[in-house]
Amino acid sequence: MQQAKISVSQKRCGCRGDPCSNSGLLGFLLQPWYPVYEVINDMETNDVIFELRTKCGLSQEALAEKVYVTRQAVSRWETGETVPGTETLKPLSKLFDVSINTLLGSPRQLICQCCGMPLDDTSISRETDGTFNEEYCKWCYADGEFVYKSLEELTDFLVGHMSNGNWTPEQARAYFEAQLPKLNHWKHSGE
C-alpha cells in the first residue's frame, strides 16, 4: 500500500524557521494547506535518514559520532536493514530538527490533542529544551506550558476566529463543544 510521505528535501539542516500565526489552527476545517515540504510517495525511514544526512553534508561516520553509534549502524539504517532504536531517534530528531514521526517516514497523521489541528514539523510544539512534543501544536503548547487553561477558553477563541458567513458562531460552538472533549488533553484534564 502506498502512503504519502513527507520529503525533507526542501528543509535546511538545523533550520527552525517559525512564522507564528494562528492561521493553521484547526486546519482540518479549512482547505488543505501544505507545508514547505514536498509530498513524495514511498519515502521510507532509510531514505529520510540518507536525505537528511547528505543534506547536512555529514558522512556516515560523522553522523555515527554525533548520535553515539557505529558507522555500520548508520549504514544499516540507510540500506533499510534496520531502523534506529528508540534511544537513538530522539538525538537524531534533535540533530536534524525534524520530528521522530518524520524520521520514521510519517507513518501516522499527527493531530494536536488540544485543538485538533493536523501537525507537521512546522507546527509541532517544542519542549523548553528544543525537542519536539508531537502531541500538541505550537499555538496550544508553548515554552512548556499550555496556552489555553480551559476548554471554554479554547472554544471561545476558536468560535471567534473560525465562524464566518458560512459557519455561524452557534454552529461553530456546537461543533467545538462536541469535538474538542474527544481529544486526549481534554479527556485527561477533567474538563
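This structure is a prediction, so every number in the text was calculated from the model and none was measured. In every chain, residue numbers begin from 1 and rise along the written sequence. For a predicted model such as this one, the threshold for reporting local features is a pLDDT of at least 70, and the threshold for listing and counting side-chain atom pairs is 80 or more; totals across whole chains, interfaces and linings nevertheless cover every residue. Water and hydrogen atoms play no part in the side-chain values, which are based on all heavy atoms of the structure.

Enquirer: Honestly, the environment of V48 in this entry has me stumped. Any pointers?
Expert: With respect to the element layout, V48 can be found in helix α1 (residues 45–55). Exposed residues in this analysis have more than 50% of their type's maximum accessible area, buried residues have under 20%, and partly exposed residues fall in between, with area computed by a 1.4 Å probe over protein chains only. Assessed through its relative accessible area of 0%, V48 is described here as buried. Spatially, the C-alpha atom of V48 lies 8.5 Å from that of E78, the residues being 30 residues apart in sequence. Throughout, a contact is declared for two residues whenever any of their heavy atoms are within 4.5 Å. Leave out the neighbours within four places in its chain, and V48 touches M43, T102, L103 and G105. Each helix is a run of DSSP H or I of at least 4 residues and each strand a run of E of at least 2, with the numbering of both proceeding from the N terminus.

Enquirer: Sorry, what's going on with the packing of aromatic side chains here?
Expert: Two aromatic rings, taken as a pair, are described by how far apart their centres are and by the angle between their planes. Any pair of Phe, Tyr and Trp rings, taking the six-membered ring for Trp, is counted once the centres come within 6.5 Å. Such a pair is stacked with planes under 30 degrees apart, edge-to-face with planes over 60 apart, and tilted for the rest. Across all of its chains, the model carries seven aromatic pairs by this definition. Ring geometry for Y148 against F157: centres 5.6 Å apart, planes inclined by 45°, an arrangement best described as tilted. Take F157: its relative accessible area is 17%, and that puts it in the buried class. Cluster of aromatic residues (ring-pair linked, three or more members): Y136, Y141 and F146.

Enquirer: Sorry if this is basic, but what is going on with helix α3 (residues 71–79) here?
Expert: All of the buried residues along α3 are A73, V74, W77 and E78. Along the axis of α3, the buried positions cluster into a sector of 135°, meaning they face one direction only. Its buried side turned inward, α3 meets α1, α2 (60–67) and α4 (86–96). Downstream of α3 by a residue or two, G80 has a phi angle that is positive, lying close to 85°. Summarising the geometry, the arc corresponds to the directions from the helix axis toward the C-beta atoms.

Enquirer: Could you clarify how one ought to interpret the pattern of salt bridges in this entry?
Expert: A pair can form between side chains of opposite charge whenever their charged atoms are brought close. Within this document, salt bridges are pairs made up of a side-chain nitrogen of Lys or Arg and a carboxyl oxygen of Asp or Glu, the two lying within 4 Å of each other. As enumerated under the stated definition, the model contains four salt bridges in all. R53 is paired through a salt bridge with E78; the nearest N and O atoms lie 2.4 Å apart. Note that R53 is positioned in helix α1 and E78 in helix α3, a separation of 25 residues in sequence. Of the residues examined, R53 reaches a relative accessible area of 9% and is grouped as buried. Within this structure, D156, R173 and E177 form a network of salt bridges that share partners.

Enquirer: Can you help me understand unusual backbone geometry in this one?
Expert: A negative phi angle characterises most non-glycine residues, just as the trans form characterises most peptide bonds. Unusually for a residue other than glycine, Y68 sits at a positive phi of about 60°. Locating Y68 in the fold gives a position in the loop between α2 and α3. In this structure, D97 is a non-glycine residue whose phi angle is positive, near 60°. Considering the arrangement of structural elements, one finds D97 in the loop between α4 and α5 (100–103). Accessibility expressed as a relative area gives 2% for D97, which makes it buried.

Enquirer: Quick question: what am I supposed to make of the side chain of E134 here?
Expert: Mapped onto the elements, E134 comes out in strand β6 (residues 132–137). Look at E134 and you get buried, because its relative accessible area is 13%. For E134, the side chain forms a polar contact with the main-chain nitrogen of I100, separated by 2.7 Å. In protein, a polar contact requires one atom able to donate a hydrogen and another able to accept it; more generally it is a pair of N or O atoms within 3.5 Å, and residues adjacent in sequence count only if both atoms are side-chain atoms. Polar contacts involving the side chain of E134 include one to the main-chain amide nitrogen of N101, which spans 3.1 Å.

Enquirer: I would appreciate a short explanation of the pairing of β6 in the present structure.
Expert: Sheet faces and side chains relate simply in a regular strand, where the side chains alternate between the two faces. With respect to burial, β6 is a largely interior element, five of its six residues being buried. When DSSP finds two or more bridges between a pair of strands, those strands are recorded as paired. As defined by bridge partners, strand β5 (residues 124–126) adjoins β6 across three bridges and the pair is classed as antiparallel. Bridging from a neighbouring strand, S125 pairs with N133 of β6. Once β5 ends, the chain turns through five residues before running back antiparallel as β6, passing G130 with a positive phi of about 95°.

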